[in-house]
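# Notes for the structure review
So the chains spell out like this:
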Amino acid sequence: MRQRAKGSNVDETSPSHSSENKERAATGSCHFIVFGLLVIVGLLAAIYFLLPPTSDVREGPQFTGAYAVNDDLQKGARLFEGNLPGPESFAIDKDGNLYTGLSDGRVVKIDLTTETYSLVTRMGDPSYDKCGQAEMMPHCGRPLGMRFDNDGNLIVADAYKGLFSINPSTGNKELLFKPQKSGDLSCHMWNNPVVLSNGSIFFTCVSNMITFHRIHDPDFSVEEYLWQPHTHNDSGGLFHYNSVTGSTTLVMKEQLFCPNGVSKSSNEDFLVMNDMVRGRIAKYYLKGPKAGKWDTLVSGLPGVPDNITPSKRMPGFWVAIPMVRPNALLDFSYQWSLMQLVQAKLGLINPLDYPNSALHTVVVLFDEEGRVVRSLHDPSGKVVMGATEVVEMDDELII
């Protein structure tokens, strides 16, 4: 039975009225979708512009003044090409011999006069025959930062195995600190040591979330790198080894995202430490009213800082920047973790693989006040690409 609406002569079930209802419903749905999209855009804009930033990076690289691009690094010469895989850090003994650690777990001694090198020791089990491959690094070891102590022992931070003291003559290794599986002394990627005149050793660990061999795995996900600042997981840190008691303590980890190279001031009243994710140099006070506290010495570096070493020519530091930041637009969005993750998901960025920026290497000399003294560039990676550390040796820079 059909029934007419009261006070109306229109048949509700007529084809024309049914069509009008469908058009009205479709229009309402469109309005709802548009409104929903506007709400989402508004929320994203609020997150992007109103939430506090998670990075000290504020703008793209400004290559002006002391940062002005040059080709000074292209005037150098490449040594041991193809023979020393992945040298990460240097240490110089009292006789002027150079030491470095390699990606296959070896620590070698280098004679620059004769351009020869010899094995000091292996950080891992020498029975492994595939050392040098990423998946073998936990077994073969990966020596990273190294410095000599006051007794002539080579202090080496191994990414997986912890902190060692090595006799450079015999190759004998003494484990000073073994990483823990949980607690404050749990971390991955033990990275760089600095030795004070009283024998104390401070050393860094990059992260408790990323391992060194994971970064070199083909299936490494950029989100693994970006997630650390997003979650405020400052799982890396600065650690202290007491050479008298043999104990190790966590010194600093608050707001440190991938702490890397560490060095000391000329009178040992503070340490400086590179923060890779935030593109800055942190200053940790050892003496004075601020002892035990820290602040930022340099922010807005033009790239990703790696190791930091003292200058012998002046009170200051050399910082190796293996890759510059790509451009101002992406750098602006790096302030916001959400935008980092969105861009990574869309494949727009990969901070470990800038197609063009990875070719441009910079080393920078700072004074102890954080002022840029000079910078040396290889903008195309012709001679120097991916520099991890700089040391002064006589009148030369070894990179």
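As the structure is a prediction and not an experimental result, all values here were calculated from the model. (Residues numbered from 1 in each chain as written. Predicted model: local features only at pLDDT ≥ 70, side-chain atom pairs only at ≥ 80, totals over all residues. Heavy atoms only, no water.)

## Comments concerning the overall build of the protein
Each helix and strand counted, the protein has six helices and 24 strands in total. Across the 399 residues that make up the protein, the buried fraction comes to 49%. Here the analysis covers contacts within the protein between residues at least 6 apart in sequence; of these, 55% occur between residues at least 24 apart. Carbon and sulfur atoms make up 53% of the accessible area of the protein, which totals about 19800 Å². (Helix = DSSP H or I, 4+ residues; strand = E, 2+ residues; numbered from the N terminus. Buried < 20%, exposed > 50% of the residue type's maximum accessible area, 1.4 Å probe, protein only. Contact = heavy atoms within 4.5 Å. Areas by Shrake-Rupley, 256 points an atom, 1.4 Å probe, with all protein chains shown as cover.)

## What about the pattern of salt bridges?
Under the definition given, this model contains 11 salt bridges. With its nearest N and O atoms 3.6 Å apart, the salt bridge here joins Arg-374 to Asp-72. On the criterion of sequence distance, the pair formed by Arg-374 in strand β22 (residues 372-378) and Asp-72 in the loop between α1 (15-50) and β1 (90-92) is long-range, its members being 302 residues apart. Within the structure, one salt-bridge network assembled from shared partners comprises Asp-72, Lys-75 and Arg-374. (Salt bridge = Lys/Arg side-chain N within 4 Å of Asp/Glu carboxyl O.)

## So, the pairing of strand β4 (residues 116-122)
Direction of pairing for strand β3 (residues 106-111) relative to β4: antiparallel, over a ladder of six bridges. Note on β4: the bridge partner recorded for Ile-110 is Tyr-117. Taken together, β3 and the strand that follows it, β4, pair antiparallel across an intervening segment of four residues, in which Glu-115 is found at a positive phi of about 55 degrees. (Pairing = 2+ DSSP bridges.)

## Section: the sheet that holds strand β19 (residues 316-321)
If you trace the four strands from one edge of the open sheet to the other, you get β18-β19-β21-β22, paired in antiparallel fashion. Across the chains shown, the open sheet's two edge strands, defined by having one partner strand only, are β18 (308-310) and β22. Each adjacent strand pair in this sheet contributes to an overall mean axis angle of 20 degrees, direction not counted. Note: β19 against strand β21 (residues 361-367), six bridges, orientation antiparallel. Bridged to Phe-317 within β21 is Phe-366. (Axes fitted to C-alpha atoms, helices over the stretch in contact; angles between N-to-C directions.)

## Structural notes on the state of the cysteines
Here the structure, examined in full by the defined rule, presents two disulfides. Disulfide pairing is shown between Cys-187 and Cys-205; the S-S distance is 2.1 Å. Between Cys-187 and Cys-205 the sulfur-sulfur dihedral comes to about -100 degrees; the bridge is accordingly left-handed. One end of the pair, Cys-187, is in the loop between β8 (173-177) and β9 (188-195); the other, Cys-205, is in strand β10 (residues 201-207), and 18 residues separate them in sequence. The class of Cys-205 is buried, set by a relative accessible area of 0%. Cysteines bonded in the protein are numbered consecutively along the chain; their disulfide partners then correspond to 1-2, 3-4. (Disulfide = S-S within 2.5 Å.)

## Some points on the sheet that holds β9
Backbone hydrogen bonds are what pair the strands of a sheet, in a parallel or an antiparallel way. Pairing in this open sheet of four strands is antiparallel, and the strands run β9-β10-β11-β12 from one edge to the other. In this open sheet, the two strands that pair with only one neighbour each are β9 and β12 (248-252). Each neighbouring strand pair of the sheet contributes to a mean axis angle of 30 degrees, computed without reference to strand direction. Relative to β10, β9 runs antiparallel, the two being bridged by five bridges. The partner of Val-195 across the bridge, within β10, is Ile-201.

## A word on the packing of aromatic side chains
Inspection of every chain in the model, using the stated rule, returns eight aromatic pairs. Here the aromatic cluster, defined as three or more aromatic residues joined through ring pairs, consists of Phe-177, Trp-190, Phe-203 and Phe-239. The residue whose ring lies beneath Lys-283 is Phe-270, and the NZ or CZ to ring-centre distance is 4.4 Å. (Phe/Tyr/Trp six-rings, centres within 6.5 Å; stacked < 30°, edge-to-face > 60°. Lys NZ or Arg CZ within 6 Å of the ring centre and 35° of its normal.)

## A look at the confidence of the model for the protein
Low-pLDDT portions of the prediction should not be read for the details of their coordinates. On average, residues of the protein carry a pLDDT of 80, and 70% of them reach 70 or more. Long-range and interchain partners of residues 48-60, a stretch whose pLDDT sits below 50, account for 39 contacts in this model, where long-range means more than four residues apart. This stretch, residues 332-336, has a pLDDT under 50; its non-local contacts, to residues over four places away or in other chains, come to 22 contacts. (pLDDT = per-residue confidence, 0-100.)

## As for the nonpolar core
Considering soluble globular proteins, one finds that nonpolar side chains tend to be buried as a cluster. Grouped together as the largest cluster of nonpolar side chains are 15 residues, with contacts concentrated most on Val-272, Ile-281 and Phe-366. Counting only elements with at least two residues in this core, the list comes to β14 (270-275), β16 (294-298), β19 and β21. (Core = buried A, V, L, I, M, F, W, Y, C linked by side-chain atoms within 4.5 Å.)

## Quick look at the environment of Ala-68
Within the fold, Ala-68 resides in the loop between α1 and β1. Ala-68 sits in the partly exposed class, given a relative accessible area of 30%. The spacing of Ala-68 and Arg-374 is 306 residues in sequence and 9.0 Å in space, taken between C-alpha atoms. Excluding residues that lie within four positions of it along the chain, Ala-68 makes contacts with Phe-63, Ser-375 and His-377.

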